Structure formats: C-alpha cells, structure tokens
Amino acid sequence: MRKGYYIQTLHFKENGMAKTTIQDLLRKKAEGKKISMLTAYDYPFAQIIDEAGVDAVLVGDSLGVVVQGLENTLAVTMDEMMYHTKMVSRAVKNAMVIGDMPFMSYQTSSEDCLRNAGRFLKEGGAAAIKIEGGAEIADRITALTRSDIPVMAHIGLTPQSIHRMGGYKVQGKTKTAARKLIEEAKIVEDAGAFSVVLEGIPMTLAREITKTLSIPTIGIGAGPYCDGQVLVMHDLLGLFERFVPKFIKRYAKLRDDAVRAVREYKKEVEEGVFPSEEQSFK
Ligand code: KIV
C-alpha cells in the first residue's frame, strides 16, 4: 500500500472523516485482527451499529424475511434494496456500507449485473456490493471490479439457491463438496473479490478456506476460524422468532421487551394513567 495514501487515510480517520475501506479490511486480515459485520435495513439500526464501531454494514436481502415477512429472499427487488440502502447510508459515518444484489439482478446478463450493482454506489451510497455464487458468476465479479465496483462474494449456503439446495442446508459436508468449495473460494478471489462470505459450512472447511485465501473470509454459520463474522441484526437483538438456527447467538431479547412495553402502554391508556399531567401542556 502507498505510504501517502495510508497517512492520508489515518489523518481522516483521526478526524472522524473516513469510512472503513477495502484496504482497512485487508490490513485487518494481514494483522490477524477480526472483522465485524452486521446487517441493517434502516436509519436507526444502522446508526446503532455504526456507533458501536462495527467495521461493515450489510444491507442484506435478508430484509425480505426479517422486515418484509416473506418466506425467503427471492422476491426482494432492486428498488426495495435501493430504498433500504439509502436509509442505511444516510446513518453511517464510519463503517463500510455494502449492498446485497437481490435474486435476478445479476443472473440475467452482465449488463444487468453492472447496471444494478452501479445503482448501489450511485443511488444507494454504498461502497461495495455483495453477490451470491462461485465459479458461475466469476465473469460478473471481474466485470464489476474492472468497473471499480468492489465485490464481496458469498459462497456455501447461498439463500437465493434455496430451491436448488432443497432448503437451508449446511454445504460442503462431503470431501467432494468441500474440495469444490475451496476451488470456488479461489475462483472468486482470482476474479477480483475483496472478501468472501462463507455461509453454513463446517468450521474446519472454513478454516482451510481462510488459510488458503489472501482476502478476508466473513463467516455466518461457519465457525470461529474465519477472518470476520456477520449476523443478521434482528437475530442478534432477539427481534426475529420464526426460526432460530444453531449458529445464532442472541445478545438481547428486544422482542420480549417491546411486547412488554406495548402491553404496559395499552393498560395505562385503558386505566387513564397515560398521559398524566407530566406529559401534558399547561
Ligand atoms: O442477506 C443477508 O443478510 C446475508 C448475510 C446474512 C450474509 O446474505
């Protein structure tokens, strides 16, 4: 890395002016420091994540499930992704904002892929995009990086492939499947990805991929040996109850707290306790 660039970045960071860059994430891997990433879909949650100092915020198409109440992510559109990415970008001061390419926004053609990815940077204010797939989208990854659109790849359990996989199942369990995933990881790195999400794979396989690659691996359901971790914010906060996979750790139970608070409000309204004079104008 050029020294001038580094010093400039450092200066901006000290003044709270620079957001996390690809170079920061690569440096973290080189220095053996872990990378944190969380999903956000709106202004208040993005602000909380940013204030807590998380490295990257992913506007994931998981919003289809945890915000829109859909069965899976397949119906999420580019316009919906734009709506949410704009809100997140407005809130974030320090983290890297990454927009998630929804189903059928990149499969149809290279042109569609470039145009839709470009919208995340031009309209959404993101600094990079994430895209699901391995060898079959290597040409897309190369075209995007050549157009200065940084790419985070995503292999293993790719939720947009739910129908091919026959459900959300751990991938890479057989020797052949594991070897294929190691190859896919190398392919996406060679194609130009600056990082790769490893989802739903055995931890030993994630460790091997992490050792093999020079770009950071970000795990979700892939064990502790990845260079970083990502969780869906609604899972971390205990806001989503429909299904709770084994790899999730809940750090709060906000849904329970919210239901309790709303019940109390209802009771106080019905009993004439709220509003009191304290909440009223003289
Ligand atoms: O859509 C999403 O939120 C994701 C992450 C969980 C990796 O793809």
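What counts and how
Residues numbered from 1 in each chain as written. Predicted model: local features only at pLDDT ≥ 70, side-chain atom pairs only at ≥ 80, totals over all residues. Heavy atoms only, no water. Near = heavy atom within 4 Å. Polar contact = N/O pair within 3.5 Å; in protein donor to acceptor, adjacent residues only side chain to side chain. Areas by Shrake-Rupley, 256 points an atom, 1.4 Å probe, with all protein chains shown as cover. 1 Å grid on protein atoms, 1.4 Å probe; cavity = no way out; pocket = protein on both sides within 12 Å on 5 of 7 lines; lining within 4 Å. Sits in = over half its atoms within 2 Å of the grid points. Nonpolar A, V, L, I, M, F, W, Y, C, P; charged D, E, K, R; others polar. Axes fitted to C-alpha atoms, helices over the stretch in contact; angles between N-to-C directions. Helix = DSSP H or I, 4+ residues; strand = E, 2+ residues; numbered from the N terminus. Parallel < 35°, antiparallel > 145°, perpendicular 65-115°, else oblique. Left-handed = near helix turned anticlockwise from the far one by under 90°. Contact = heavy atoms within 4.5 Å. Points joined across faces, edges and corners; volume = space filled by probe spheres on them. Phe/Tyr/Trp six-rings, centres within 6.5 Å; stacked < 30°, edge-to-face > 60°. Buried < 20%, exposed > 50% of the residue type's maximum accessible area, 1.4 Å probe, protein only. Lys NZ or Arg CZ within 6 Å of the ring centre and 35° of its normal. Pairing = 2+ DSSP bridges. Domains from an automatic or database assignment. Right-handed = clockwise from strand over helix to strand, strands pointing away.

A. Region of the structure containing the site of the ligand. Around the ligand, a shell composed of Thr 39, Leu 58, Gly 60, Asp 61, Ser 62, Asp 100, Lys 130, His 154, Ile 220 and Val 232 is seen. The contact in question runs from an oxygen atom of the ligand to an N or O atom on the side chain of Asp 100, over 3.1 Å. When the ligand sits alone it has 260 Å² of accessible area, and the protein chains cover 96% of it. Applying the majority rule of atoms within 2 Å of the grid points places the ligand in the largest pocket. Tallied by class, the residues present in the shell around the ligand amount to three nonpolar, four polar and three charged.

B. Just the packing of helix H5 (residues 78-91) against helix H6 (residues 110-122), in detail. Axis separation between H5 and H6 bottoms out at 10 Å; the angle between their running directions is 15°. By the angle class used here, H5 and H6 are roughly parallel. Here the hand of the crossing between H5 and H6 comes out right-handed. Facing H5, whose interface residues are Met 78, Asp 79, Met 81, Met 82 and Thr 85, H6 presents Asn 116, Arg 119 and Phe 120. Taken together, the residues that form the contact of H5 with H6 break down as four nonpolar, two polar and two charged.

C. A look at the layout of surface pockets. One number sums up the size of the largest pocket: a volume of about 790 Å³. As for the largest pocket, its lining consists of 40 residues, of which Pro 159, Glu 199, Ile 220, Pro 245 and Phe 247 are closest to the centre. The set of elements that each furnish at least two residues to the lining of the largest pocket consists of helix H4 (63-66), strand S4 (128-132), strand S6 (195-199) and strand S8 (228-231). Across the lining of the largest pocket, the residue classes break down as 22 nonpolar, eight polar and ten charged. In this structure, the second largest pocket occupies an estimated 400 Å³ of space. Elements with a contribution of two residues or more to the lining of the second largest pocket: strand S5 (151-156) and helix H9 (175-191). Looking at the lining of the second largest pocket element by element, the count peaks at four residues for H9.

D. Local environment of the packing of aromatic side chains. For the structure shown, the criterion picks out two aromatic pairs. With a centroid separation of 5.6 Å and 90° between ring planes, the pair formed by Phe 240 and Phe 243 is classed as edge-to-face. You can call Phe 243 partly exposed: its relative accessible area is 36%. The ring centre of Tyr 225 lies 4.7 Å from the NZ or CZ of Arg 207, which sits over that ring.

E. Main features of the sheet that holds strand S3 (residues 96-100). On the basis of which strands lie adjacent, the closed barrel formed by eight strands has the order S1-S2-S3-S4-S5-S6-S7-S8 and parallel pairing. Sheet twist, expressed as the average angle between the axes of neighbouring strands with direction ignored, equals 25°. Two elements, strand S2 (residues 56-59) and S3, share four bridges in a ladder whose sense is parallel. Across the sheet, residue Val 57 finds its bridge partner in S3, namely Val 97. Those strands touched by helix H7 (residues 138-146) are S4 and S5, and its axis lies near 165° from that of S5. Along the sheet, H9 makes contact with S5 and S6, crossing S5 at roughly 170°.

F. Structural view of the domain arrangement of the protein chain. Domains assigned within the protein chain are domain 1 (13-251) and domain 2 (254-282). Centre-to-centre, using C-alpha coordinates, domain 1 lies 39 Å away from domain 2.

G. Region of interest: the environment of Gly 32. Summarising the element assignment, Gly 32 is placed in the loop between helix H2 (22-30) and strand S1 (35-39). Separated by eleven residues in sequence, Gly 32 and Thr 21 place their C-alpha atoms 17 Å apart.

H. Representation of the packing of helix H3 (residues 43-51) against H5 within the structure. H5 packs onto H3 with a crossing angle of 40° between their chain directions and a minimal axis gap of 8 Å. By the angle class used here, H3 and H5 are oblique. For the element pair H3 and H5, the recorded crossing hand is right-handed. Taken together, the residues of H5 that come into contact with H3 (itself represented by Tyr 43, Ala 46, Gln 47 and Asp 50) are Met 87, Val 88, Arg 90 and Ala 91.

I. How the structure looks around the pairing of S2. Neither face of S2 is left uncovered, since the one carrying Ala 56 and Leu 58 and the one carrying Val 57 and Val 59 both have all their residues buried. Bridge analysis of S1 against S2 gives three bridges, and the strand direction is parallel. Its bridge partner being in S2, Thr 39 is matched across the sheet by Leu 58. A crossover connection joins S1 to the parallel S2 through H3; in handedness this β-α-β unit is right-handed.

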